[in-house]
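Spelled out from the first residue to the last, the chains are:
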Amino acid sequence: MTVAGDAPSRGVILITVDSLRADALGPHTPALRDLVRRGTTFDAAIAGGNWTPFSFPDILGARPVFADASTPGPAADPTLAETLSTAGVRTTGVNAGNGFITEYYGYDRGFDEFESFLDSGRTPLGRFLTTHPTVNGWVQYLGWPLGSAAARLRGRERRHAVDTSHLHALERRALRAVESAAEDDADQPFFLWLHYMDAHTPYVPAPRHVRAVTDGEVGSVQTLLGHLRAGLGKEVDESTLRTLRALYDASVRQIDESVDRVLGAVDDAGLRGETTVVLAGDHGEEFLDHGHLAHYPKLYDELVRVPFVVDHPNAPPQRESDVVPLSDVPPTVCDALGITPPTSFAGESLLPTVVDGVAPERGPVTSLAIRGDSVTSQPIPRRLSDGTPLVAARTERWTYIRGPGDAVRVFDREADPTEHDPLDPDVVPRETLVSLERAVDERLAALDGSPAAGDTADRDDGANEGDDDLPDELARRLDALGYR
């Protein structure tokens, strides 16, 4: 549905940030905070799962993970990009190297232009550095003086000491898409999706960002020690944890600068006043909040509650506290462009909330994880048959988590915002408990309806093949992310 009385936007820019915690936006992220000041911020936005392959079926595929297949990826129904392309929208997708949202898993469907930067290891050394981004970052950092001097001799200037996340290549693609939209005489509507990877482990920001977020207190030695302890699986003490969080914050700052440059180009092109900008984290990140680092299969707030902002040119700034799922992204994007979303889309448009302040009223929102023999078992499951489902349902106040098996934990986030003191379910208001249980039952029932692993009929994207059949460049990228 298109909001009555409002002209559709000429374009939508969807910015997704891997591993972006709900509390990641601060003084070090002025561009992202400016989006918050301008747009509608959904303070209780919930990802579909604890990691990218479980959240992106909601964001780009428009239906939850395992909706019709036992492997993560878009459902057979029309994706967001396919829906927009059919309606005449120019579609561009730029993924900074996350192997789970690539052509192999079908995420290029519907995009006129799609780039995922996988084939960056053409030599043995290049392949090694692609698979070891921390080493790659330190090689770039230590080689900066020599490389900068060589560039000056050739009459060029090197601006960046470290870039292991394809950030600047992503920017170049984004600026090219903005330029094309501005030059389009027919005023063709456009959709640009950008996915940033800098905030994903192992956190390798440029040193100037580390100095900026720590006032110079974290230097090269602390950074190296933090990487070594985390990379070697050593016990993380408080000092190392502070260093890792500083590296994470510096990585988000690095993203912020890039977003500022991209949106600055949109403004310079005269498109900002007719472009809706959507920002979302695909999942969060843990810093020992519940005993681990990164994003193991758990469904606490630090992993599934994410930033979600919709900056619509015709809407006032506001904050919304009601819980909403990221499956609301595709219909909201369609609505902003004046396109009716397909009935197969699982979510609902949030534009009535953004433009008119209408409360979303979504009811409990569910998230899914698949756990193996232990929370840290490797490889991290990426098939429905690889472990036991763990499902959470959330309202504005309550968290209900079921699994593994029949284990149930209930948290009252008003009294226990960090979700450390589970309650007896009997103390939860009966109507609320029934609603939470029903939401989890329905999510599990939908999983039961999925084909058995390997029986992915009508899927030709290769996603049902074993790990040994992965393309080399994809396998290297998953290695680099710690998923192999």
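Residues numbered from 1 in each chain as written. Predicted model: local features only at pLDDT ≥ 70, side-chain atom pairs only at ≥ 80, totals over all residues. Heavy atoms only, no water.

Student: How should the pattern of salt bridges be read in this particular structure?
Tutor: One side chain can pair with another of opposite charge once the charged atoms of both are near each other. Overall, the coordinates contain 26 salt bridges when judged by the stated rule. The salt bridge partner of Asp 328 is Arg 362, with a shortest N-O separation of 2.9 Å. Linking Asp 328 in the loop between strand 11 (318-325) and helix 12 (329-336) with Arg 362 in the loop between helix 13 (351-356) and strand 12 (365-371), this pair joins segments that are 34 residues apart in sequence. Between Arg 394 and Glu 419 there is a salt bridge; the shortest N-O distance is 3.0 Å. Placement of the pair is Arg 394 in strand 13 (residues 388-394) and Glu 419 in the loop between strand 15 (408-412) and helix 14 (430-448), with a sequence separation of 25 residues. For the pair Arg 394 and Glu 419, one class covers both residues: buried. (Salt bridge = Lys/Arg side-chain N within 4 Å of Asp/Glu carboxyl O. Helix = DSSP H or I, 4+ residues; strand = E, 2+ residues; numbered from the N terminus. Buried < 20%, exposed > 50% of the residue type's maximum accessible area, 1.4 Å probe, protein only.)

Student: Just to check I follow, could you spell out the sheet that holds strand 15 for this structure?
Tutor: Each strand in a sheet pairs with its neighbour through backbone hydrogen bonds, running either in the same direction (parallel) or in the opposite one (antiparallel). With antiparallel pairing, four strands are arranged side by side in an open sheet as 12-13-14-15. This sheet does not close on itself; its edge strands, each paired only once, are strand 12 and strand 15. The average angle at which neighbouring strand axes cross in this sheet is 15°, direction not considered. Pairing of strand 14 (residues 398-402) with strand 15, which is carried by five bridges, proceeds in the antiparallel orientation. Directly across from Arg 402, in strand 15, lies its bridge partner Val 408. (Pairing = 2+ DSSP bridges. Axes fitted to C-alpha atoms, helices over the stretch in contact; angles between N-to-C directions.)

Student: I'm lost on helix 7 (residues 167-183) in this one. Help?
Tutor: The periodicity of an α-helix, 3.6 residues per turn, causes residues three or four positions apart to be oriented the same way. Taking 1.5 Å of rise per residue, the 17 residues of helix 7 would be expected to cover 24 Å, and the 24 Å separating its terminal C-alpha atoms lies within 8% of that figure. Residues Leu 167, His 168, Ala 169, Leu 170, Glu 171, Ala 174, Ala 177, Val 178 and Ala 181 constitute the buried set of helix 7. Elements that come into contact with the buried residues of helix 7 comprise strand 3 (90-95), strand 5 (190-196) and helix 10 (238-268). (Expected span 1.5 Å × (residues − 1). Contact = heavy atoms within 4.5 Å.)

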